[in-house]
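Coordinates in review
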Amino acid sequence: MPATDLPRSAALVEADRLMTICNACRYCEGLCAVFPAMEMRRTFADGDLNYLANLCHQCGACYSDCQYSRPHEFNVNVPAALATLRNDSYAQYAWPRALAPAFARNGLFIALTAAASVAAFIVGFVAWRDPAVLFARHAGDFYKVMPHNAMVILFGAVFVFAIAALTLSLRAYWRDINGEGDGRAVVEATGDAARLTYLGGGGGGCTSENERPSAQRRVFHHFTFYGFLLCFAATSVATIYHYGFGWHAPYALTSLPVLLGIAGGLGLLIGPAGLFVLAQRRDAILTDAPRRGMDTAFLAMLFLVSLTGFALMALRDTGAMGLLLALHLGVVLALFLSLPYGKFVHGLYRYLALVKYAREKRTAAFVD
Amino acid sequence: MPVRFDKIYDVVVAGGGNAALCAAITAARAGRSVIVLEGAPAFYRGGNTRHTRNLRCAHDGTAPTMTGPYDPAEFLDDLYRVTGGETDKALAQLTIERSQELIPWMNKAGVLFQPPLGGTLSLGKTNAFFLGGGRGMLNALYRQAEALGVVCLSDAPVTALAIENGFFTSATIQYEGLPHQVRGRTFVAAAGGFEANIDWLRQHWGAAADNFLIRGTPYNRGDVLKMLLAHGVKPVGDPTQMHCVGIDARAPKFDGGIATRLDSVVFGIMVNRAAQRFYDEGEETWPKRYAIWGRLIAQQSEQIGYSIVDSKSIHMFMPSIFPAVQASTIGELAGKLQLDAAALEKTVADFNAAVRPGTFDHTVLDDCRTEGLAIPKSHWARKIDAPPYYAYPLRPGITFTYLGVRVNEESRMVLNNGKTSGNMFAAGEIMAGNVLGKAYLAGIGMTIGAVFGRIAGERAAKNARN
Ligand SMILES: Cc1cc2nc3c(=O)[nH]c(=O)nc-3n(C[C@H](O)[C@H](O)[C@H](O)COP(=O)(O)OP(=O)(O)OC[C@H]3O[C@@H](n4cnc5c(N)ncnc54)[C@H](O)[C@@H]3O)c2cc1C
Ligand code: HEM
Ligand code: SF4
Ligand code: SF4
């Protein structure tokens, strides 16, 4: 983002205020990456604050450990301030800018996208084929309802759009935070993302549910994250089967794509369900409360993708297949469409923040 | 679960900080019923412990977060050096001996440690740093105590003690709007010093006390200490003395904690309301230089001082919580500080003229000094001549007081008649004066609290069984 004359947003002003207090205090320096990164700076430009916000894993430890949190007059609440700024930053970097408001009322945006997408499939099946195709039995052959090529073209196009939009958003972000990285930093950041090192409060565990640290949130995120990756792998393997070997779906239950899909699908049921339960228990004071809908919407979408997928698999030989296919494809399409405009971006922004941190940890010095 | 006020607790603990919880956990592990009476509301529980960062301990160098080893003999030397021998030798040795058990003990109680990062590396050998600071460690101790069945009340100040011939029978507390009697077989006093009691401070410091800032909570008012002394417990420590550092004058009256600390003094000059220097800013190296300024400022008019540096130095010390007052000339700076401009210009000019050439190095006692001034600056003297100029206002920040109750090696209170109490023990700041007659050694407050808290817990547990 080019520097503008606009006044700083409230979220930036608050994050700056808190980082100035924390930098004079420094008691939390062992909890995560945010505080050491802060200690490498004396003042905090907008890009610095956006970087720190995306480096924060919102574990909550620095709130329950802070001697200056409310009711103290310093009113320090780092997790909430950084969550708010982080969500602002998603909107700030969104491409195209016209879609930035999607982050403000994300639950509504995602729900509408999903509903429209499902409806479009139902209408599409009926219009292109005939109403009967929707309710007929096809012995599990999805392509009778929607031709393979049509599916590939539609999903391919949406996928390419999502990648392009994400790339442009990430580029704006990387420039804003003065991103820097190298091979070693990428390896280190990948490890930290894969393990969610900084969701552990420096060893005490995540304190986001209550003051008692626990590893639950990390565990359920692992289910979600690896579930997602496995589903992605299932689709990739199926694509290779189709084009590389000419093996066409439906695949047997014991085939690689189906096994990967089942494992990933289970992850996407267990993970989001667990995260949802934990989110209900979490003290709202630690969060960007007005925008928690973004988390819920993303959890719901992941859960629904998996649920409709399993339903389709179970009932693919019945007359319900047509409708279920519309439902499943509709939800998947909506998920892809909304990837750049919802909670999904957190993984990418956080990952790049971890890359920058891994690099500056080696090259920068603490200010003292 | 409603709190039981009808039962007789084995151990009644007054206070809710480090010392109190170490005693409570130890007694509960020995199978005793324990109640902790903390006067402050839940957020402020654990008074000054909330503001701490580390504890000092002797260790053999195998502690994973420390750069050690720190030999007990070396620790003892350090303690003798800072106190100038004003310490009870037996208790000092006991403190150091048992400081070696603290890291494993704390770990078992759920307290985690971290290696120090920026700004505090010099303490990596002698001090163990709490992960998440004092509040993090305190939260862990409370979880442990509650898991052991200790009844922990907050917002429950002790307002009176029933003591006869040095024997405790009950404490009166104010709880949920009503007075209650809490009866016990033994008593552990761990309710800190009186640093937040401005009236008490005024007795020794007069009106100047109104300008003191209190670094810790407003709840360390010394009420329990006063009750014990009134019941014939023998005092220890100089009642007029307190640990007092120079902190940012814009800090809140109470509870500003560590973040209001300022490290700028040695990089420039320090002046009072009359724009005059009043002490050698380059006399000693950290941490002593940090500790002397509170007292020096307390002796100036209006108890305020101004640390003045220029742009050469502004980035050489730890970032401050409040921004420096900034100006492009010394006269303008004086205006912003409401000091006499001509006087400040003269003070700076005289100082600059007296600065001798040297090689500046703030990490050692360098050769940059002044010559010919009535009040010299012996090290780190550089001209204040590179605008913009910066200033920080400083006031005395009170950390703790030295007056306490006399105890023996069992942490048992000693009475004015020379006898020891039948069932009363003390731990932490309320008895730290036994070990620390004057001055301070970073991290030893927590060491004394944890060591004597554990001893008090052990002894009270034993006492209650008999
Ligand atoms: C800013 C700051 C930083 C510090 N940093 C360090 C450090 O890094 N390392 C270190 O070793 N020391 C440090 N100290 C000193 C350290 O805080 C004390 O030595 C230590 O906390 C004393 O522990 P304690 O349990 O005796 O007292 P506290 O922790 O002060 O606990 C006393 C408790 O008694 C309660 N109380 C008071 N009156 C009553 C009453 N009438 N009834 C019931 N309860 C009552 C108070 O509310 C309080 O919770 C620091 C102090 C300050 C102010
Ligand atoms: C690059 C790696 C990733 C990192 C470092 C990461 C990190 C985090 C962190 C720290 C949180 C908790 C704080 C918050 O809610 O913002 C979180 C939440 C979440 N993540 Fe990730 N994530 C990554 C990738 C993913 C992926 C790929 C998915 C699934 C597709 C995912 C799904 C979720 C969900 C659903 C939540 C919300 C959970 C809740 O309500 O607590 N994450 N992530
Ligand atoms: S969150 Fe609180 S305790 Fe932690 S560094 Fe910031 S001010 Fe200090
Ligand atoms: S919430 Fe957790 S990850 Fe975020 S700054 Fe605080 S300790 Fe670090």
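Keep in mind it's a predicted model, so treat the numbers as computed, not measured.

The rules behind these values
- Residues numbered from 1 in each chain as written.
- Chains lettered and ligands numbered in written order.
- Predicted model: local features only at pLDDT ≥ 70, side-chain atom pairs only at ≥ 80, totals over all residues.
- Heavy atoms only, no water.
- Near = heavy atom within 4 Å.
- Helix = DSSP H or I, 4+ residues; strand = E, 2+ residues; numbered from the N terminus.
- Nonpolar A, V, L, I, M, F, W, Y, C, P; charged D, E, K, R; others polar.
- 1 Å grid on protein atoms, 1.4 Å probe; cavity = no way out; pocket = protein on both sides within 12 Å on 5 of 7 lines; lining within 4 Å.
- Points joined across faces, edges and corners; volume = space filled by probe spheres on them.
- Polar contact = N/O pair within 3.5 Å; in protein donor to acceptor, adjacent residues only side chain to side chain.
- Areas by Shrake-Rupley, 256 points an atom, 1.4 Å probe, with all protein chains shown as cover.
- Domains from an automatic or database assignment.
- Contact = heavy atoms within 4.5 Å.
- Buried area = accessible area lost by both parts, 1.4 Å probe.
- Salt bridge = Lys/Arg side-chain N within 4 Å of Asp/Glu carboxyl O.
- Patch = residues over 30% accessible without salt bridge, like charges linked within 9 Å, V, L, I, M, F, W, Y side chains within 5 Å.
- Buried < 20%, exposed > 50% of the residue type's maximum accessible area, 1.4 Å probe, protein only.
- Pairing = 2+ DSSP bridges.
- Axes fitted to C-alpha atoms, helices over the stretch in contact; angles between N-to-C directions.
- Disulfide = S-S within 2.5 Å.
- Parallel < 35°, antiparallel > 145°, perpendicular 65-115°, else oblique.
- Core = buried A, V, L, I, M, F, W, Y, C linked by side-chain atoms within 4.5 Å.
- Expected span 1.5 Å × (residues − 1).

Residues and elements named next belong to chain A. Taken together, Leu31, Cys32, Val34, Phe35, Cys56, His57, Gln58, Cys59, Gly60, Cys62, Val78 and Pro79 form the complete shell of residues around ligand 4. Within the residue set of the shell around ligand 4, elements represented by two or more residues are α2 (34-39) and α5 (78-93). Across the shell around ligand 4, the residue classes tally to 9 nonpolar, 3 polar and no charged.

What follows deals with empty space enclosed by the protein. Take a probe with the size of a water molecule and roll it over the atoms, and the empty space left behind shows itself. Residue and element names in this part refer to chain A. In the structure shown here, the tally under the stated rule is 5 cavities of 30 Å³ or more. By volume, the largest cavity amounts to about 110 Å³. As for the largest cavity, its lining consists of 16 residues, of which Cys32, Cys56, Gln58, Cys59 and Cys62 are closest to the centre. At the level of secondary structure, the elements contributing two or more residues to the lining of the largest cavity comprise α2, α4 (61-64) and α5.

Residues and elements named next belong to chain B. Surveying the vicinity of ligand 1 reveals 37 residues, the closest of which are Glu38, Gly47, Thr49, Glu429 and Met446. Between ligand 1 and Arg53 there is a distance of 2.9 Å, counted from an oxygen atom to a backbone nitrogen or oxygen. A distance of 3.3 Å separates an oxygen atom of ligand 1 from a polar atom in the backbone of Gly445. Here ligand 1 has 990 Å² of accessible area as a free molecule, and 96% of this is covered by the chains. Breaking the shell around ligand 1 down by element, the ones donating at least two residues are α1 (18-29), α7 (223-230) and α11 (444-465). By residue number, the principal contributor to the shell around ligand 1 is α11, which donates 3 residues.

All names here are of chain B. Considered domain by domain, chain B is made up of domain 1 (8-239 + 402-465) and domain 2 (244-397). Domain 1 and domain 2 are separated by 35 Å when their C-alpha centres are compared. On the domain 2 side, the residues contacting the 20 residues of domain 1 number 22 residues. Each partner contributes to the roughly 1,700 Å² buried at the junction of domain 1 and domain 2, and carbon and sulfur atoms together form 59% of this total. Contact with domain 2 buries area across many residues of domain 1, yet Asn211, Leu213 and Arg215 alone supply 46% of it, more than any other trio. At the junction of domain 1 with domain 2, the criterion picks out 1 salt bridge. Taking the shortest distance from any N to any O, the salt bridge between Asp255 and Arg50 comes out at 3.4 Å.

All right, on to a nonpolar patch on the surface then. Nonpolar side chains collect at one region of the surface, where Trp95(A), Phe161(A), Leu168(A) and Leu337(A) lie side by side and expose about 300 Å² of accessible area between them. Within the element layout of this structure, Leu168(A) appears in helix α8 (residues 148-176).

For the structure on display, the rule yields 39 salt bridges over all chains. Between Asp288(A) and Arg291(A) there is a salt bridge, with the nearest N and O atoms lying 2.7 Å from each other. Here Asp288(A) falls in the buried class, since its relative accessible area comes to 8%. Residues Lys346(B) and Asp350(B) are paired through a salt bridge, measuring 2.7 Å at the closest nitrogen-oxygen approach. You can see Lys346(B) and its partner Asp350(B) sitting in helix α10 (residues 341-354), 4 residues apart, about one turn around the helix.

This next bit is on the interface of chain A and chain B. The interface is formed by 35 residues belonging to chain A together with 40 residues belonging to chain B. Here chain A packs against chain B, burying approximately 2,900 Å² in sum over the two surfaces, 56% of which is carbon and sulfur. Put simply, chain A and chain B have 1 salt bridge between them. Close ionic contact of Glu29(A) with Arg53(B) constitutes a salt bridge, the shortest N to O distance being 3.4 Å.

In this section: the side chain of Arg412(B). Residues and elements named next belong to chain B. Inspection of the secondary structure puts Arg412 in strand β18 (residues 412-414). Classification of Arg412 by relative accessible area gives buried; the value is 12%. In this structure the side chain of Arg412 is engaged in a polar contact, spanning 3.1 Å, whose partner is the backbone oxygen of Ser421.

Glancing now at the sheet that holds strand β3 (residues 54-56) of chain B. Residue and element names in this part refer to chain B. Taking strand neighbours across the sheet as the criterion, the 3 strands line up as β3-β5-β4 in an open arrangement whose pairing is antiparallel. Every other strand in the sheet has two partners, leaving β3 and β4 (113-114) as the edge strands with one partner each. Pairing of β4 with strand β5 (residues 127-130) involves 2 bridges; the strand directions are antiparallel. Paired with Gln114 across the strands is Phe129, a residue of β5. Contacts from α11 reach β3 and β5 within the one sheet, and its direction differs from that of β3 by about 75 degrees.

A covalent bond between the sulfur atoms of two cysteines is what we call a disulfide. Residues and elements named next belong to chain B. Under the counting rule described, the total for this entry stands at 0 disulfides over all chains. We note that Cys22 lacks a disulfide partner, and the nearest cysteine sulfur, in Cys152, lies 13 Å from it. The closest cysteine sulfur to the non-disulfide-bonded Cys57 is located on Cys22, 13 Å from its own sulfur.

On to the pairing of strand β12 (residues 242-248) of chain B, then. All names here are of chain B. Most of β12 sits out of view: 7 of its 7 residues are buried. Of the pairings in the sheet, the one linking β12 to strand β16 (residues 389-401) comprises 7 bridges and is antiparallel in character. By the bridge assignment for β16, Ile247 is matched with Arg395.

Residue and element names in this part refer to chain A. Contact pair α5 / helix α14 (residues 345-363): the axes reach a minimum separation of 11 Å and the direction vectors enclose 100 degrees. Looking at the two axes, α5 sits roughly perpendicular to α14. Contact residues: Arg86, Tyr90 and Tyr93 in α5; Val345, His346, Tyr349 and Arg350 in α14. Its residues assigned to classes, the contact of α5 with α14 comprises 4 nonpolar, 1 polar and 2 charged.

Turning next to the nonpolar core. Counting residues in hydrophobic clusters, the biggest one holds 108 residues, and the most contacted among them are Leu161(B), Phe187(B), Leu228(B) and Phe452(B). It is α11(B) that provides the largest number of residues to this core, a total of 10 residues. Residues within four places of Phe452(B) in sequence aside, it is in contact with Leu91(B), Leu94(B), Thr95(B), Ser411(B), Ala426(B), Ala427(B), Met431(B) and Val435(B). Formed by 100 residues, the second largest nonpolar core is a distinct cluster that contains Cys59(A), Tyr173(A), Tyr349(A) and Leu131(B).

All names here are of chain B. Between its first and last C-alpha, α1 extends 16 Å over 12 residues, near the 16 Å set by a 1.5 Å rise per residue. Burial runs high along α1: 11 of the 12 residues are buried. The set of residues buried in α1 consists of Asn18, Ala19, Ala20, Leu21, Cys22, Ala23, Ala24, Ile25, Thr26, Ala27 and Ala28. On its buried face, α1 is in contact with β1 (8-14), β2 (34-37), α4 (102-108), α5 (133-147), β9 (178-189) and α11. Following α1 by one or two positions, Gly31 has its phi on the positive side, about 90 degrees.

In this section: the environment of Phe254(B). Note on placement: Phe254(B) falls in the loop between β12 and β13 (269-271). C-alpha separation for the pair Phe254(B) and Arg215(B), spaced 39 residues apart in sequence, amounts to 5.8 Å.

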